[in-house]
Amino acid sequence: MSSRRAPWTRMTTPFRDISRRAVISAGIIVWVMVVAAWWIISHTNVVPAMFLPSPEKVGAAGVRLLSDGSLIVHTLASLEVVMLGFAISSIVAIPVGLWMGSYRAVQAVLEPLVNFVRYLPVTAFVPLLILWIGIGIQQRVSVIILGTFFQQVVMIADSARAVPRDLVNAAYTLGTKRSKVVWHVIFPAALPEILDTLRVTLGWAWSYLVVAELVAASSGLGYITIKAMRGFQVDVIFMAIATIGVLGLLSDLFFRFLRARVAPWAHR
Amino acid sequence: MTELSASSPVEPAPIALFPRQHRPLGTPARLAIEHVTLRYGGPDGTLAVDDVSIDVEQNEFCVIVGPSGCGKSSLLYLAAGLTELTSGDIRVDGHLVSEPGPDRGMVFQGYTLFPWLTVRQNVEYGPKRKGIGKAERRAIAERFLAEVGLGQFADVFPSQLSGGMKQRVALARALANDPSVLFMDEPFGALDSQTRGTMQKLLLRVWEHTQKTVLFVTHDIDEAILLGDRVVVMTARPGRIKAEIKVDFARPRAMDLVLEPEFIALKRHILGLLHDEIDEEH
Ligand SMILES: Nc1ncnc2c1ncn2[C@@H]1O[C@H](COP(=O)(O)OP(=O)(O)O)[C@@H](O)[C@H]1O
Ligand SMILES: [Mg+2]
């Protein structure tokens, strides 16, 4: 029946699936249109080339930075910062979030504090962190942790709190000890949502990276952006931004893959 | 309290399946609910269960019927130790219980299978918590999945099962733990009437095999009479016991029992008791 429906009806029906081919073509078309618009604008000199380099120039910059190896070096430097900060933050946030969502007492202690800190602007802490721990990698990693940890705790606590009560009750009637319920029931029940939280916050970690590297760094994608700004190399700035975008996209895909592997029962 | 005995409408079964032994004087009932009261939310809160006492004997299938919202679920949760009672005692084989434990299994009204475990792992969950070894656990799961007719679904996740199948696995999971008492809180309430009939038939058969002590809650009178050895009728909120009715139909029971005049007479009697309650409310 669905195949006989006009594609237009399907496209305009909420939650209705469209064909795989349509999905892929839509994705390609929108990219072609964006790049074409960019190409036209940069070649008609509506915007001076100094501010908007053409797609070819950005591509050339990419090739140049790749061939002298600096793009790889700076990407790895950024990757190290993001992965370290994100891993440390997640490893602590998962148990803390689960406790906060499971135990009212932990919630009472932590929630007022966490909800205050998570609305503080991370950027404002950068000068303070430089004063406290200098301009080494620790400072950049700290910025990432500060930006992601409190958000992760709140979101993970919410998913723990959303676990159906009767799932826990069923576990009790099957002999689960009170001290083991978080580990045996609440954690696995919340796992798909926890993985979604990690996926979303990893995206945020990438945006905090630039904040961390703009101010105090001697390597990384944020650092080459700043250096390029000083030398009016707009093409390099574009290149660095695009690289971060691609890395973000890859980490998103990685977490989707991980979720499908680790939580196959919650397949979407 | 009224007493009414329905005589057996069919030939007496050749062998009495479970001769209900009279408990020797002085020995405790399998499950004793003694003057249990529950008030939600402090001294001024809702009185949900008011001074209820029920003894359930070993191998007895006891059914509670009552209007919706009368405190049936609350009573089961109290007996299972999942809710703290305001006053009264719950005893299993004479031992006071105050928290949930594997000696009191439960099949819930909603679906409570662990979604991250396969059907087999769900059934093995209780034995695993008890520390039973892998091979034996697997054998237990095999046995109870076969009992509920789902052996071939052992390796799928619960999300792939229909509602009726989920409740069958929930039953297998509770039985695999070999509880002293099995609570069932309107386990078929969310199912369509055809599936419900299938489930009742299955439960009758499983119960006849396993000889569990069951306390079953429903608001469906047919279901209560069909399944139970005894039907306890509760009043509208706050839940009190209005009547206890012995159901003497021979076992094994068949689904067409509901067409027998004796069955209908019993149903009319219980319906009358319940209607009093509903009329009083309005
Ligand atoms: N957690 C709760 N807090 C306050 N009131 C409750 C709670 N659970 C149930 N109740 C109330 O207690 C009464 C009995 O509920 P319940 O035991 O679920 O009835 P039944 O299972 O017979 O439909 C209802 O009036 C319900 O609103
Ligand atoms: Mg109920």
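Residues numbered from 1 in each chain as written. Chains lettered and ligands numbered in written order. Predicted model: local features only at pLDDT ≥ 70, side-chain atom pairs only at ≥ 80, totals over all residues. Heavy atoms only, no water.

The name recorded for chain B in an unreviewed UniProt entry is NitT/TauT family transport system ATP-binding protein, from Xanthobacter agilis. Its UniProt record, at the heading Sequence similarities (unreviewed entry), says of chain B: "Belongs to the ABC transporter superfamily." (UniProt positions renumbered as here; feature names shortened; annotations may be inferred.)

Under an unreviewed UniProt entry, the name given to chain A is NitT/TauT family transport system permease protein, and the source organism is Xanthobacter agilis. Chain A has a UniProt comment under Sequence similarities (unreviewed entry) that states "Belongs to the binding-protein-dependent transport system permease family."

Draft legend 1. Main features of the interface of chain B and chain A. Listed per partner, the contact involves 22 residues of chain B and 16 residues of chain A. Interface of chain B and chain A: buried area, both sides summed, is about 1,700 Å²; carbon and sulfur atoms make up 69% of it. Summed over the three residues of chain B that lose the most area to chain A, namely W116(B), Y125(B) and R129(B), the buried surface amounts to 34% of that side. Linking chain B with chain A are zero salt bridges, by the criterion used here. For the pair chain B and chain A, the number of links is four residue pairs in polar contact (both at pLDDT 80 or more). (Contact = heavy atoms within 4.5 Å. Buried area = accessible area lost by both parts, 1.4 Å probe. Salt bridge = Lys/Arg side-chain N within 4 Å of Asp/Glu carboxyl O. Polar contact = N/O pair within 3.5 Å; in protein donor to acceptor, adjacent residues only side chain to side chain.)

Draft legend 2. Spatial organisation of the site of ligand 1. Residues and elements named next belong to chain B. Taken together, the residues surrounding ligand 1 are Y40, A48, S68, G69, C70, G71, K72, S73, S74 and R237. Measuring from an oxygen atom of ligand 1, one finds a backbone N or O atom of G71 at 3.1 Å. A distance of 2.7 Å separates an oxygen atom of ligand 1 from a polar side-chain atom of S73. With three residues, the top contributor of residues to the shell around ligand 1 is helix α1 (residues 72-80). The class makeup of the residues in the shell around ligand 1 is three nonpolar, five polar and two charged. (Near = heavy atom within 4 Å. Helix = DSSP H or I, 4+ residues; strand = E, 2+ residues; numbered from the N terminus. Nonpolar A, V, L, I, M, F, W, Y, C, P; charged D, E, K, R; others polar.)

Draft legend 3. Region of the structure containing the sheet that holds strand β6 (residues 95-96) of chain B. All names here are of chain B. Taken in spatial order, the four strands make up an open sheet running β3-β2-β5-β6, and their pairing is antiparallel. Strands at the two margins of the open sheet, each flanked by one partner only, are β3 (46-56) and β6. In terms of strand pairing, strand β2 (residues 31-40) meets β3 through seven bridges, oriented antiparallel. Residue pairing across strands places Y40 opposite T46, the latter belonging to β3. Packed onto the sheet, α1 meets β2, β3 and β5 (87-92) and runs at close to 120° relative to β2. (Pairing = 2+ DSSP bridges. Axes fitted to C-alpha atoms, helices over the stretch in contact; angles between N-to-C directions.)

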